[in-house]
Every structure is written in C-alpha cells, then in structure tokens.
Amino acid sequence: MTTQAAPSLAETLPILDFRRFDQGDGERVAFLKDLREAARGPGFFYLAGHGIPQTLIDEVLRLSRRFFDLPEEDKLAIEMVKSPYFRGYNRAGFEHTRGKPDWREQVDIGAEKRARPFDPTAPAWTRLQGPNQWPAALPELQLTVLRYQQEVTQLGIRVLQAFALALGQQPDVFEPIYTPEPNQLLKIVRYPGREKSDGDQGVGAHKDSGFLTLLLQDVQGGLQVEGELGWIDAPPIPGTFVVNIGEILELASNGYLRANVHRVVSPPAGTDRLSVPFFLGAYLGAEVPLLKLPPQLAAGIRGLTQDPLNPLFREVGRNYLKSRLRSHPDVARRHHPDLVDATKPAEPASAY
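Values in this document were obtained by computation on a predicted structure and should not be read as measured data. (Residues numbered from 1 in each chain as written. Predicted model: local features only at pLDDT ≥ 70, side-chain atom pairs only at ≥ 80, totals over all residues. Heavy atoms only, no water.)

Caption draft 1: The arrangement of the sheet that holds strand β3 (residues 88–90) in detail. Here we have eight strands laid out as an open sheet, ordered β1-β2-β12-β9-β14-β7-β6-β3, and mixed in their pairing. Two strands lie at the open edges of the sheet, namely β1 (15–17) and β3, each paired on one side alone. Adjacent strand axes in the sheet meet at a mean angle of 25° when their direction is disregarded. Alignment of β3 against strand β6 (residues 105–110), held across three bridges, turns out to be antiparallel. Counterpart to tyrosine 89 in the pairing with β6 is valine 107. Running over the sheet, helix α1 (residues 25–40) touches β1, β2 (44–48) and β12 (241–245) and is turned about 150° from β1. (Pairing = 2+ DSSP bridges. Helix = DSSP H or I, 4+ residues; strand = E, 2+ residues; numbered from the N terminus. Axes fitted to C-alpha atoms, helices over the stretch in contact; angles between N-to-C directions. Contact = heavy atoms within 4.5 Å.)

Set out below in structure tokens:
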C-alpha cells in the first residue's frame, strides 16, 4: 500500500456564518474578506447559517441510508452503466480517480430532463442531458432529493454571488454562464469501512470541475484537504456544509482562486460514512470568462494549475465531460466509444 502523508494537526478549515452576508455593510465586507482568505488558502471552509431546513437534511440522510440498505438487486436495477447520461448507481470500485478504483457505492443524480436527440455533429457534451434513474423499491427518494437539489442550487447561487463580490465584481457576473440553467450533479454516497491492509482510497485525490461544491456529511469523518503542511482533516460539524471552489472559479480568476485537491479516506472496518455532495456548475454550452480583477487582487493572480493529467478547458461542457468519461470508463465504453477511442483524430481521448 502506498504511504500517505499524515494529516496536519496544525491546520483546520475555517467556519463562516453565511448570515453575515445579509447583515450591514461593515459585516458583509468583513465576511467577504474572510471568504476570500478561505478560498485563497485551503480553498475549503465550513458554511454555517445557510438556511437549509434541518428537517430536509435529516430526511435526505435517512432516505440515503434506506437506499443503501436495499437488496443489491434493487440497487443494480438503476446501475449507471445502463444510462448514457452517467446517472444511477455504482458499486464500490466502479468509479475511478486517476485510474484507481474508489471504494464507495453511490447514486449520481442530475437535473431531471428529457434526453436530447442524438446528433453526431453536435458538441459531445450534449449527450449528457437526460433523465435520472430512480429506485422502484424506494419511490419517495425522488421527490425528496429533487426538492433538496433545488434548495442547495439556490444556496449555491447565493454563495457564488458572494464569491463574485469578494473578487471585486458585480454579484451577477456569473449569471450569463449559469443561465438558462446551471449544471447540477448530486451524489448520494456510502463509504464502506475496511481494513487498512485492503487500502484506504475511499475516493482518490482530485479537484472538482464546477463553480463550487456543497457537501453534506453524516457523523463519520474521512474527508481530507491538501494543505501546505499536509492533509487537513474536515470532520463533520453539525449544521454546516463543507464548501469548496471548483475549476470554473479557477479559470475565471486566472488562478487567483484555485480548485484544491481533496480525497476521502475509507472509514475503519465495521463502520461506514454517508455523504451527499452537490456540485454547482455552469450551463454546459457556456464558456468561462476571464474576469478583470481590481489591481489589489490582480497582484495575487497565480495562473492556472498545470496538470497534464487534468487539463483545464474554458468550454464548460468539455471540461465537465472529461471528468465523466475518465471517472466512469464502463459507461464511456458502452455508450460513447467514439469519445474514448484514441484512434479517432477528431476526439482524442487525451482531450478529456
């Protein structure tokens, strides 16, 4: 097993109370400063005072547990490999990060839409729009999850407006690229416990591709964020979400903000971990603009992360599709072989 750096005891993630954003000018300015510093530092923070009803949060976690307790045949009835839109259930080991299997089972849920007619001349990202798969054995999951997805979408847009102000922009600067509809992806995830000798990759080190992520955790820790002194633990704090910035904000700010690397370590044997991450992205047909930052911020521009294994594209759909194809190779091979066939010069696999 590969030796991993120990978590850092010297660093912790900041906690920001979102109610400060709606208070008087002085408190809002102070909040935006704290937000900018958190995003420039670890790129992650806890968000309290978010306004999502605790009753809804509890119901989402309760139904998540009920789903994972279903017989395997009921879960496999909505297996992702049946969906060309990358929606549905994956068993542990069927999603990959940097080529290695992640030890988690999960359901991927996007916006509930009709599939676009297939057009081989259309951009490849247009294939991602379509319906979700819902478990017949747990019909109440659909209504609750879609309600929750709508709530966190609205919260995510408000947090995005705060980021815009923190970058010296108008609050609606990103609106042109998340309208007419943002890209929504929600995952219901269970990390089974296992012995350390079996490996500890719940999900491997990676970055998120959207604007930002709002993560709901249950009571078991495991999330770690890359820090200057090592990995920073991000254990659950009741009443909060963990928020992190994604690649769109890195692209828009030319690296003033950077999407940060994070991972999940498998929980100990005999336990498990539930989490519900929501990824707020831009409209897939949009292109990420390059913002003109005020001089006091422009001096801190660091440029984009250079990673040959994870190239960044300003075309939102292309940037999002790359992560879908590499994370779910079974779905890609079955439904989109032309996008992973390196012999086709128009769409080389390395472009995603």
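Caption draft 2: How the structure looks around the side chain of threonine 213. Tracing the backbone through its elements, the reader meets threonine 213 in strand β9 (residues 212–217). Non-local contacts of threonine 213, meaning those with residues more than four positions away in its chain, are made with Asp208, Val242, Val243, Asn244, Pro277, Phe278 and Phe279.

Caption draft 3: Expanded view of the environment of proline 277. By secondary structure assignment, the location of proline 277 is in strand β14 (residues 272–281). Taking relative accessible area as the criterion, proline 277 reaches 8% and is therefore assigned buried. Remark: the alpha-carbon pair of proline 277 and isoleucine 188, spanning 89 residues in sequence, is separated by 7.1 Å. Sequence-distant contacts of proline 277, defined by excluding residues within four places in its chain, comprise Leu185, Leu186, Lys187, Val189, Thr213, Leu214 and Leu215. (Buried < 20%, exposed > 50% of the residue type's maximum accessible area, 1.4 Å probe, protein only.)

Caption draft 4: Representation of the pairing of strand β11 (residues 230–233) in the model. With four bridges connecting them, strand β10 (residues 223–227) and β11 associate as antiparallel partners. Note that in β11 the partner of glutamine 224 across the bridge is aspartate 233. Between β10 and β11, which pair antiparallel one after the other, the connecting turn spans two residues.

Caption draft 5: Quick peek at the pattern of salt bridges. According to the stated counting rule, one finds 21 salt bridges in the structure shown. For glutamate 37, the salt bridge goes to lysine 33, with nearest N and O atoms at 2.6 Å. Of this pair, glutamate 37 and lysine 33 both sit in helix α1, four residues apart, which is roughly one turn of that helix. Of the residues examined, glutamate 37 reaches a relative accessible area of 45% and is grouped as partly exposed. In this structure lysine 33 comes out as partly exposed when scored by relative accessible area, which is 42%. (Salt bridge = Lys/Arg side-chain N within 4 Å of Asp/Glu carboxyl O.)

Caption draft 6: The arrangement of helix α2 (residues 54–68) in detail. Its 15 residues place the ends of α2 21 Å apart at the C-alpha level, agreeing with the 21 Å of an ideal helix rising 1.5 Å per residue. For α2, the set of buried residues is Leu56, Ile57, Val60, Leu61, Leu63, Ser64, Phe67 and Phe68. Axial view of α2: buried residues confined to an arc of 165°, hence all on one face. (Expected span 1.5 Å × (residues − 1). Arc of directions from axis to C-beta.)

Caption draft 7: Spotlight on the pairing of β9. The buried fraction of β9 amounts to six of the six residues, a majority that puts the element mostly inside the structure. The alternating pattern of β9 places Leu212, Leu214 and Leu216 on one face and Thr213, Leu215 and Gln217 on the opposite face, and all of these are buried. Pairing of β9 with β12 involves four bridges; the strand directions are antiparallel. Of the residues in β12, the one forming a bridge with threonine 213 is asparagine 244. Note that β9 and β14 share six bridges and pair antiparallel. Residue glutamine 217 lies in a different strand from β14, and its bridge partner there is serine 275.

Caption draft 8: Representation of unusual backbone geometry. With an omega dihedral of 10°, the bond running from threonine 179 to proline 180 counts as a cis peptide bond. Its place among the elements puts proline 180 in the loop between α5 (175–178) and β7 (183–192). Of note, the phi angle at phenylalanine 86 is positive, near 60°, even though the residue is not glycine. Along the chain, the position of phenylalanine 86 falls in the loop between α3 (72–76) and β3. One non-glycine residue with positive phi stands out, namely asparagine 254, at about 55°. With respect to the element layout, asparagine 254 can be found in the loop between α6 (247–252) and β13 (262–265). Its relative accessible area of 26% is what places asparagine 254 among the partly exposed residues.

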